[in-house]
Amino acid sequence: MKTLYLHIGTPKTGTCAIQELCTLNQELLNRQGYFYPEFPYSYPGFGKRRNGLFLQRPITKDGVRQVEEERQRFLEGMDIIRKCFETYDNVILSDEGIWGASCENRRSIWPELKDYSVQHKFTVKIIVYLRRQDLFIDSLWRQRVKGSGNNRSKVILPWEEYAEDIMEIAQLDYYAELEKLSSFFGRENVIARRFDRNYFPNGMIQADFLELIGLKLTDEYVITKQSVNVSMSGNTCEIKRIINSLPDITDSEYNLLRKNLLDINIVFGSEYKSNMFSSQEAEAFMETYRQGNRKIAEKYMNEKDTDLFDMDFSGICKWKKDNPYLLDDIIRFTVENNVRLLRKMEKENAVLWKEIDNLKSKLRHPLRTIVHIVSKKLKMAN
């Protein structure tokens, strides 16, 4: 039986690391009967390594959803997968947006995928990593303020005002969503994992993912050491939120400010480690989902009478705007940004001065220059 491994997120659970693992090690995966296909679809602002994007991304023209075109793209993409099965027993797709899209603009994705898999006789196994809900919301907020390298973030509201909207659309009732998946593909084909490196082999999500699909991480695999998608500290997030609100800066100016800020983000977070929830807020928030989370531990992980996540909130420090480090971080960013601009100007000026020196050299011999230009013109005329 052929198997489609569909990794659906959730967002902010190491998805970039998994996608990079599959992309960098394509040949090694191929030799073991696995394929991570690339599709001929382009989505501005999204990397090719998110190869499951076609399953959930809306297609619009003049602001109008093209439902039939989306359906055709789904079928085209699935036909490509079916052809991959002619060579490989296992195909891997990954896109963290599928978790949310299946509850919003692509609610038909699961029945469509189920029908197609039955018709063409392959198994679908869903892989999903779950992060403690308060930490997930915190991280999602920071990501939305951060934005992407291609799209300006439009988040300008402070945390307390924006958080309510996030909570409504983030599908935080994990148990209900997993049960919905199980109703289509069977509980045995829904693989839920905690996003917690304490549960990963050697603390590596790459090793954990490979084990889930029946492989083992060895020295043959290429693993990058740096974090692919670095989270912003609380102070960085606040500075970036203010930048988002500036109406008169161009996209290039915005991208330069964003890059410079993120480059020094690690310094900001080292002094003041904080969350957007207080310990009391996090505890009350998580109590809402505790029973459902315990059912996940029992039904999907065979752990009875166990909390899915660590419920100790005593070490949480809530971010506050009047924290003693914010002013220092603003000064650091201002100085660093100005120094980088000065260095950039110096390089550009050096190039200009070199061009000026070349012109001066030519002007010292005007007759020679004129003869050269005339000769060149005559050659072109002939």
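It should be emphasised that the depicted structure is a prediction, and the values quoted were computed from it without experimental measurement.

**Q** Teacher, can you tell me more about the environment of Cys 84 here?
**A** Here Cys 84 lies in helix α3 (residues 67-84). Take Cys 84: its relative accessible area is 10%, and that puts it in the buried class. On a C-alpha basis, the gap between Cys 84 and Tyr 36 in space is 9.4 Å, while along the polypeptide they are 48 residues apart. Discounting chain neighbours no more than four positions away, the residues touching Cys 84 are Phe 35, Pro 37 and Val 91.

**Q** Sorry, what's going on with the packing of aromatic side chains here?
**A** Each aromatic ring pair is summarised here by two numbers: the centre-to-centre distance and the angle between the ring planes. Under the definition given, this model contains 19 aromatic pairs. Here the aromatic rings of Phe 195 and Phe 200 are separated by 6.4 Å at their centres, their planes lie at 55°, and the arrangement is tilted. What makes Phe 200 buried here is its relative accessible area of 7%. Taken together through their ring pairs, the aromatic side chains of Trp 141, Trp 159, Tyr 162, Phe 277, Phe 285 and Tyr 289 make up a single cluster. Taking NZ or CZ as reference, Arg 187 lies 5.5 Å from the ring centre of Tyr 300, over its face. Residue placement shows Arg 194 over the ring face of Tyr 199; its charged tip is 4.4 Å from the ring centre.

**Q** Sorry, what's going on with the pattern of salt bridges here?
**A** Enumeration over the complete set of coordinates arrives at 28 salt bridges. Taking the shortest distance from any N to any O, the salt bridge between Arg 241 and Glu 238 comes out at 2.8 Å. Of this pair, Arg 241 and Glu 238 both sit in helix α10 (residues 234-244), three residues apart, which is roughly one turn of that helix. We classify Arg 241 as buried; its relative accessible area is 9%. Between Glu 281 and Lys 318 there is a salt bridge, with the nearest N and O atoms lying 3.3 Å from each other. Note that Glu 281 is positioned in helix α13 (residues 279-287) and Lys 318 in the loop between α14 (290-301) and α15 (326-363), a separation of 37 residues in sequence.

**Q** What's the story with helix α5 (residues 109-120) in this structure? I'm lost.
**A** Helical periodicity: at 3.6 residues per turn, an α-helix aligns residues three or four positions apart in one direction. The end-to-end C-alpha separation of α5 is 16 Å, in line with the 16 Å expected for twelve residues at 1.5 Å each. Those residues of α5 that fall on the buried side of the exposure criterion are Ile 109, Trp 110, Glu 112, Leu 113, Tyr 116 and Ser 117. Across the axial projection of α5, the buried residues extend over an arc of 160°, all falling on one side. Residues of α5 that are exposed and angled more than 90 degrees away from the buried face: Asp 115, Val 118 and Gln 119. Where the residues of α5 are buried, they touch β1 (2-7), α3, α4 (98-101), β6 (122-130) and α8 (174-185). Trailing α5 by a residue or two, Lys 121 shows a phi angle of about 60°, which is positive.

**Q** Teacher, can you tell me more about α8 here?
**A** A rise of 1.5 Å per residue sets the reference length of α8, with its twelve residues, at 16 Å; its end C-alpha atoms lie 16 Å apart and thus fit the reference within 8%. Taken together, the buried positions of α8 are Tyr 174, Tyr 175, Glu 177, Leu 178, Leu 181, Ser 182 and Phe 185. The buried residues of α8 all sit within an arc of 160° when viewed along its axis, so they share a single face. Next to the buried residues of α8 lie α4, α5, β6, α6 (133-146), β7 (190-194) and α14.

**Q** Is there a simple way to think about the state of the cysteines in this case?
**A** A disulfide bridge is the covalent bond that connects two cysteines by way of their sulfur atoms. Here the structure, examined in full by the defined rule, presents zero disulfides. Unpaired in terms of disulfides, Cys 84 finds its nearest cysteine sulfur in Cys 22, a separation of 14 Å.

**Q** Can you help me understand the nonpolar core in this one?
**A** Across soluble globular proteins, nonpolar side chains have a tendency to be buried as a group. Counting residues in hydrophobic clusters, the biggest one holds 67 residues, and the most contacted among them are Leu 4, Met 78, Trp 110, Leu 130 and Leu 178. If we ignore the near neighbours within four places in the chain, the residues touching Leu 4 are Met 78, Ile 81, Phe 85, Val 91, Leu 93, Leu 113, Phe 122, Thr 123, Val 124 and Lys 125. Ile 18, Leu 21, Ile 191 and Tyr 221 belong to the second largest nonpolar core, which has 20 residues in total.

**Q** Whenever I open this one, a negative patch on the surface confuses me. Can you help?
**A** Where like charges cluster on the molecular surface, the negative patch consists of Glu 161, Glu 164, Asp 165 and Glu 168. On the secondary structure map, Glu 168 appears in helix α7 (residues 159-169).

**Q** Where do I start with the sheet that holds strand β2 (residues 34-35) in this structure?
**A** In any sheet, the strands associate via hydrogen bonds between backbone groups, in a parallel or an antiparallel arrangement. The five strands are arranged β2-β5-β1-β6-β7 in an open sheet whose pairing can be described as parallel. Either end of the sheet is taken by a strand with one partner, and the two such strands are β2 and β7. Sheet strands in contact with α5 are β1 and β6, and its direction is about 145° off that of β6. Against the sheet, α8 engages β6 and β7, with an angle of about 175° to β6.

Definitions and cut-offs
- Note that residues are indexed from 1 along each chain, following the sequence as it is written.
- Where local features are concerned, this predicted model is filtered to residues with pLDDT of at least 70; where side-chain atom pairs are given and counted, the filter is 80 or more; whole-chain, interface and lining totals use all residues.
- To get the side-chain values, take all heavy atoms of the structure and skip hydrogens and water.
- We count a stretch as a helix when DSSP gives it H or I for four or more residues in a row; a strand needs E for two or more, and each element gets its number in order from the N terminus.
- Each residue is assigned to one of three classes by its accessible area relative to the maximum for its type, calculated with a 1.4 Å probe on protein chains only: buried under 20%, partly exposed between the two thresholds, exposed over 50%.
- Contacts are assigned to residue pairs that have any heavy atoms within 4.5 Å of one another.
- Two rings belonging to Phe, Tyr or Trp (six-membered ring only in the last case) form a pair when the distance between their centres is within 6.5 Å. Interplanar angles under 30 degrees mark stacking, angles over 60 mark edge-to-face geometry, and anything in between is tilted.
- Remark: a charge is flagged as sitting over a ring if the NZ atom of Lys or the CZ atom of Arg is within 6 Å of the ring centre and within 35 degrees of the ring normal.
- By salt bridge we mean one thing: a side-chain nitrogen of Lys or Arg within 4 Å of a carboxyl oxygen of Asp or Glu.
- For a helix, the expected span equals 1.5 Å multiplied by the residue count minus one.
- Relevant arc is that of directions from the helix axis to the C-beta atoms, nothing else.
- The definition used for a disulfide is geometric: two cysteine sulfur atoms within 2.5 Å.
- Grouping buried Ala, Val, Leu, Ile, Met, Phe, Trp, Tyr and Cys residues that are joined through side-chain atoms within 4.5 Å yields what is termed a nonpolar core.
- Within this analysis, patches are made of residues with over 30% relative accessible area and no salt bridge. Like charges are joined at 9 Å or less; nonpolar side chains (Val, Leu, Ile, Met, Phe, Trp, Tyr) at 5 Å or less.
- Note on areas: Shrake-Rupley, 1.4 Å probe, and residue coverage restricted to the protein chains presented here.
- The convention is simple: Lys and Arg are positive, Asp and Glu are negative, and His and the chain ends are not counted.
- Charge positions come from single atoms, namely NZ of Lys, CZ of Arg, CG of Asp or CD of Glu.
- Each pair of strands is called paired provided DSSP finds at least two bridges between the two strands.
- What counts as an axis is a line fitted to C-alpha atoms, over the stretch in contact for a helix, and the angles between N-to-C directions run from 0 to 180 degrees.

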